[in-house]
Amino acid sequence: WVALSYCWGGEPSLKLTKLTIRTLTQGIPLDRFEATIRDAILVTRGLGITYLWVDALCIFQDEDSSDWNEQSSKMSEIYGGSTVTIVAADSSSVTEGFLQQRELQYIAMDWLPSTMFSDKSQLNTDTRHVYLSPSWNPDKDKMVGPWSKRGWTMQEGLLPNRLLFYTSYQMAWKCRTVIKYERGAACEPSAEVIRGESISERYRLWYELVEDYTPRHFKYIQDRLIAISGLAKIFGDLISDQYFAGLWKRDMVRGLVWHASGAKLIPNNSTDNPSFHVNTAPSWSWASVGSNVAVVNDHADQDGFRALAKIEDVEVELVNPSNPFGAANAGSVIITGPLARLS
């Protein structure tokens, strides 16, 4: 199957609900779908693949539905198991689409390198391509835009084995071994790996993910833990540790010393607080911080970090008890350690 990753600006008018399921299963004319979904259908057909995953059409959107909690826990399987994931990188709304007329940035020409051989019998008849452009701004190769600022899209961009990006300038293919651009250039993808066996090194990647993840935008901030649950599940398998609302038990003392970069102090009962009246996570979790604020852990890569405190017990009240990596309503941590008397 193909999976679609896009910005939710402007919700699809046609969504899967108890009322629409009969209509959807009977067949829908292509022009009834918003442009982004319609374009994804056309690309999926062009690739010769039978199935397309679109969250709004594959998960029941009714407010009283439990399907969301169940399916959100399977995102690592859905996006990680896709043949390819389509990324509408520059579309800020589902209504904009991504198969649009583009300004010509370069010209692709066939080139037969016959002048390289004096002996015609050695001539390689394989046609190569040359891409001509008056100039090229390297920024046009970056897959950034509205898509890269949305919370849900981080794991949607990291879980798949293959991604097909559509930007305003070109298409780009990304897999584990290569990033290849429509204009002919190619490079190796950067690989973030665990470089050592120390405690700090094993958890470093997670703290870096959190720092990149927390400034991203959410329509519903309470989805913050759910939208990273697929990555958390994979990371948990890698380090074999228990997960509690965004933190890991064996490194929880270090995990608790996060700080919100550039955040203002706002009383919890203030209506200016973006999380007011929204129970997002336990207060000791970075997931409880308001949206659009980067959470930083200054001790993430310090091998010399020595915890004086000890975690005695951790409890978390999960929204969906069957998904330990999902959203949490509340939680508590019991810590013991030395006390310093202050005047």
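Since this is a predicted model, take the numbers as computed values, not measurements.

Novice: Explain the environment of Leu-247 here, please?
Specialist: Looking at the element boundaries, Leu-247 is found in strand β11 (residues 247-248). Taking the relative accessible area as the measure of exposure, Leu-247 reaches 3% and is therefore buried. Along the sequence, Leu-247 and Tyr-203 sit 44 residues apart, while their C-alpha atoms lie 10.0 Å from each other. Not counting the four nearest positions on each side in its chain, Leu-247 is found in contact with Gln-242, Met-252, Gly-255, Leu-256, Trp-284, Ser-285 and Trp-286.

Novice: Looking at this structure, I do not really get empty space enclosed by the protein. What am I missing?
Specialist: Scanning the entire structure with this criterion turns up two cavities of 30 Å³ or more. In this structure, the largest cavity encloses a volume near 90 Å³. Lining the largest cavity are 13 residues; nearest its centre among them are Tyr-207, Val-210, Gly-255, Trp-286 and Asn-297. Elements with a contribution of two residues or more to the lining of the largest cavity: α7 (199-213), β11 and β13 (294-296). A per-element tally of the lining of the largest cavity places α7 first, with three residues. A per-class count over the lining of the largest cavity returns nine nonpolar, three polar and one charged.

Novice: What is the right way to look at the layout of surface pockets in this model?
Specialist: Picture a little ball the size of a water molecule; that probe, rolled over the atoms, points out where space is still empty. Quantified by volume, the second largest pocket comes out at close to 960 Å³. Lining the second largest pocket are 34 residues, and of these Gln-61, Trp-68, Lys-219, Tyr-220 and Asp-223 sit closest to its centre. Broken down by secondary-structure element, the contributors of at least two residues to the lining of the second largest pocket are α3 (55-58), α4 (67-72) and β15 (328-336). For the lining of the second largest pocket, the residue count by class is 14 nonpolar, eleven polar and nine charged.

Novice: Sorry if this is basic, but what is going on with the sheet that holds strand β8 (residues 179-181) here?
Specialist: What holds strands together in a sheet is hydrogen bonding between their backbones, with the strands either parallel or antiparallel. The seven strands are arranged β2-β1-β3-β6-β7-β8-β9 in an open sheet whose pairing can be described as mixed. Because the sheet does not close on itself, it has two edges, and the strands there are β2 (52-53) and β9 (186-187).

Novice: What am I meant to see in the pattern of salt bridges here?
Specialist: Oppositely charged side chains can form a pair if their charged atoms are brought close together. Enumeration according to the criterion identifies seven salt bridges in this entry. Here Glu-70 makes a salt bridge to Lys-74, at a shortest N to O gap of 3.6 Å. Residue Glu-70 is classed as partly exposed on the basis of its relative accessible area of 41%. A salt bridge links Arg-150 to Glu-156; the shortest N-O distance between them is 3.9 Å. In this pair, the class of Arg-150 matches that of Glu-156, namely buried.

Novice: Help me out: how do you make sense of unusual backbone geometry in this one?
Specialist: Trans is the common state for peptide bonds, and a negative phi is the common state for residues other than glycine. Positioned with a positive phi, Ser-240 is a non-glycine residue whose angle comes to about 55°. Position of Ser-240 among the secondary structure elements: in the loop between α8 (229-239) and β10 (243-244). Phi is positive for Ala-245, close to 50°, though the residue is something other than glycine. For Ala-245, the position within the fold is in the loop between β10 and β11.

Novice: Got a minute to help me understand the nonpolar core in this structure?
Specialist: Counting residues in each nonpolar core, the largest one holds 46 residues, and the members touching the most others are Trp-206, Leu-225, Ile-228, Tyr-243, Trp-248 and Trp-286. Elements supplying a minimum of two residues to this core: α5 (75-80), α7, α8, β10, β11, α9 (252-256) and β14 (310-318). The element that contributes the greatest number of residues to this core is α7, accounting for seven residues. Not counting residues within four places of it along the chain, the set of residues in contact with Tyr-243 comprises Trp-206, Leu-225, Ile-228, Ala-232, Trp-248, Pro-324 and Phe-325.

Novice: Hey, could you run me through α8 in this one?
Specialist: Here α8 has its buried residues at Ser-229, Gly-230, Leu-231, Ala-232, Phe-235, Gly-236 and Ile-239. Directly beyond the C-terminal end of α8, a positive phi value near 55° is found at Ser-240.

Novice: So what exactly am I meant to see when it comes to helix α2 (residues 35-46) here?
Specialist: With twelve residues, α2 should cover 16 Å at 1.5 Å per step; its first-to-last C-alpha distance of 16 Å lies within 8% of that length. A positive backbone phi angle near 75° is found at Gly-48, which sits one or two residues after α2.

Conventions used here
Residues numbered from 1 in each chain as written. Predicted model: local features only at pLDDT ≥ 70, side-chain atom pairs only at ≥ 80, totals over all residues. Heavy atoms only, no water. Helix = DSSP H or I, 4+ residues; strand = E, 2+ residues; numbered from the N terminus. Buried < 20%, exposed > 50% of the residue type's maximum accessible area, 1.4 Å probe, protein only. Contact = heavy atoms within 4.5 Å. 1 Å grid on protein atoms, 1.4 Å probe; cavity = no way out; pocket = protein on both sides within 12 Å on 5 of 7 lines; lining within 4 Å. Points joined across faces, edges and corners; volume = space filled by probe spheres on them. Nonpolar A, V, L, I, M, F, W, Y, C, P; charged D, E, K, R; others polar. Pairing = 2+ DSSP bridges. Salt bridge = Lys/Arg side-chain N within 4 Å of Asp/Glu carboxyl O. Core = buried A, V, L, I, M, F, W, Y, C linked by side-chain atoms within 4.5 Å. Expected span 1.5 Å × (residues − 1).

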